[in-house]
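For reference, the chains in residue letters:
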Amino acid sequence: MLDTLVFDTQKPGPTLLVFGGVHGNEKCGTHAIARTVIELRSGIFGLKRGKLIMVPICNPEAYKRDIRYVETNLNRVIKKHPKILRYEHGLANELVTLIDSCDVLLDLHSYSSGRRPFLFLDNDTQEQKDFAAALNIPYWVTGWNEMYENEKDLLQGDTTTYAFSKGKMALLIECGLHEDPQSAIIGYKSLRATLAYHDMAEPFEKARGEPPTITRMKAMLVKTREGKFLKDWQHLDPVTKGMPILRYDDGMIYQSPVDGVILLPGKKARIGEEWVYFGVEGQ
Ligand SMILES: [Zn+2]
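What counts and how
- Residues numbered from 1 in each chain as written.
- Predicted model: local features only at pLDDT ≥ 70, side-chain atom pairs only at ≥ 80, totals over all residues.
- Heavy atoms only, no water.
- Helix = DSSP H or I, 4+ residues; strand = E, 2+ residues; numbered from the N terminus.
- Rg over C-alpha atoms; globule rule 2.2 N^0.38 Å.
- Contact = heavy atoms within 4.5 Å.
- Areas by Shrake-Rupley, 256 points an atom, 1.4 Å probe, with all protein chains shown as cover.
- Lys, Arg positive; Asp, Glu negative; His and termini not counted.
- Charge placed at Lys NZ, Arg CZ, Asp CG, Glu CD.
- Polar contact = N/O pair within 3.5 Å; in protein donor to acceptor, adjacent residues only side chain to side chain.
- Buried < 20%, exposed > 50% of the residue type's maximum accessible area, 1.4 Å probe, protein only.
- Domains from an automatic or database assignment.
- Buried area = accessible area lost by both parts, 1.4 Å probe.
- Donors = N, O, S within 2.8 Å, 3.2 Å for Na, K, Ca; no water.
- Tetrahedral: all angles 85-135°; square planar, octahedral: opposite > 155°, others 65-115°.
- Salt bridge = Lys/Arg side-chain N within 4 Å of Asp/Glu carboxyl O.

Draft legend 1. Highlighting the overall build of the protein chain. Per the secondary structure count, the protein chain includes seven helices and 14 strands. Whereas a compact globule of 283 residues would reach a radius of gyration of roughly 19 Å, the protein chain reaches 19 Å, a difference of no more than 12%. Taken along the three principal axes of its C-alpha coordinates, the protein chain extends 60 × 45 × 30 Å. Considering only contacts within the protein chain whose residues lie at least 6 apart along the sequence, 69% involve residues at least 24 apart. As displayed, the protein chain has an accessible area near 13,000 Å², and 52% of this comes from carbon and sulfur atoms. The positive charge centre, built from 36 side chains, and the negative charge centre, built from 37, are 1 Å apart in the protein chain.

Draft legend 2. Layout of the side chain of S190. Note that S190 resides in helix 7 (residues 181-197). Within the structure, the side chain of S190 is placed 2.8 Å from the backbone oxygen of I186, a separation counted as a polar contact. Sequence-distant contacts of S190, that is, excluding residues within four places in its chain, are made with L106, L108, L135, I137 and I173.

Draft legend 3. Examining unusual backbone geometry more closely. Not every positive phi belongs to a glycine, and Q10 is a case in point at roughly 65°. Checked against the element boundaries, Q10 lands in the loop between strand 1 (5-8) and strand 2 (15-19). The phi dihedral of D199 is positive, around 55°, even though this residue is not glycine. Along the polypeptide, D199 turns up in the loop between helix 7 and strand 8 (213-222). Exposure remark for D199: the relative accessible area of 39% places this residue in the partly exposed category.

Draft legend 4. Structural context of the domain arrangement of the protein chain. Along its sequence, the protein chain is carved into domain 1 (5-197) and domain 2 (213-281). On a C-alpha basis, the centres of domain 1 and domain 2 stand 25 Å from each other. With 22 residues of domain 1 at the interface, the matching set in domain 2 holds 22 residues. Summed over both sides, the interface between domain 1 and domain 2 buries roughly 2,000 Å², with carbon and sulfur atoms accounting for 55% of that surface. The largest share of the area that domain 1 buries against domain 2 comes from S113, T142 and M147, three residues that together contribute 26% of it.

Draft legend 5. A look at helix 3 (residues 87-101). Among the residues of helix 3, E88, H89, G90, L91, A92, N93, L95, V96, L98 and I99 are the ones counted as buried. The secondary structure elements touched by the buried residues of helix 3 are strand 2, strand 3 (51-55), helix 2 (60-65), strand 4 (104-111) and helix 6 (159-165).

Draft legend 6. Just the coordination of the zinc ion, in detail. Looking at the zinc ion, the protein donor atoms are H23 (ND1), E26 (OE), E26 (OE) and H109 (ND1), and they sit 2.1 to 2.5 Å from it. Here the zinc ion binds four donor atoms, and the angle range of 56 to 146° at the metal identifies the geometry as irregular. Counting along the primary sequence, the residues that act as donors to the zinc ion give the motif H-x2-E-x82-H. One end of the pair, E26, is in the loop between strand 2 and helix 1 (28-42); the other, H109, is in strand 4, with 83 residues separating them in the sequence.

Draft legend 7. Structural context of the pattern of salt bridges. For the structure on display, the rule yields twelve salt bridges. Notably, a salt bridge pairs E26 with R68, separated by 3.2 Å at the nearest N-O pair. A residue pair is termed long-range when its members are at least 10 positions apart, and E26 in the loop between strand 2 and helix 1 and R68 in the loop between helix 2 and helix 3 qualify at 42 residues. Note on E26: relative accessible area 2%, which makes it buried. Between D232 and K267 there is a salt bridge, with the nearest N and O atoms lying 2.6 Å from each other. Here D232, found in the loop between strand 9 (227-229) and strand 10 (238-239), pairs with K267, found in the loop between strand 13 (260-263) and strand 14 (274-281); they are 35 residues apart in sequence, far enough to count as distant. The partly exposed category is assigned to K267, whose relative accessible area is 40%. Connected through shared salt-bridge partners, K48, D199 and E202 make up one network.

This is how it looks when you write it as structure tokens:
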């Protein structure tokens, strides 16, 4: 059973569910949740209404080994698995039961290249946009679902897609670099801003109200064979169409398919996984 922390005010209001450590090497959500628990228990801040459910480590075995996942990417198999064929399928079963019981999901992640926190905005309804705007995250990435619809062989099953399918509000925040202590602070502030937006607690800081920079995902490269990036690409680095991005070990060069930006270059991607994405600015 996953360790789950529940704070129930017993007053009518939304149920907010917060995930940390869906990927075992991404510790910012775990730290953000730990700080929240300590502060709630110490009375540093309190909940006004509703119920807060937090899972600080969604993939305990991967967390212990400081790896992304053990057998399969947990954030691609979020659904009910009648048969548990992989370690992560059992975790997914627990997580979907929790998602089914919540109104709002906040999923806290970190990434490997770059320093700018961003959030994934999909199913960009006005309700979702208003929620996202309350989080003070300067960069938004959209277009994830449309892109994956063209990549049928890749598993989609991420936490927010599942939550949307059940009529919940949900945001996934990429809080910053895995190793950067600032990522945990961004995670904590996002959690507090979510509580404030849903009127479950007083705000920790005021919303800045600055419009975000929005990038629409346009293309993704799946790693089919070994190769190396031609430079130390960072998330949101600008690229032009035809710019050499990486070289396969057989000598073939892969070029940028867009005039835009590079997204989430995965230096440690394994064969069969997403290696790098490309996007363009604007909605
Ligand atoms: Zn992640």
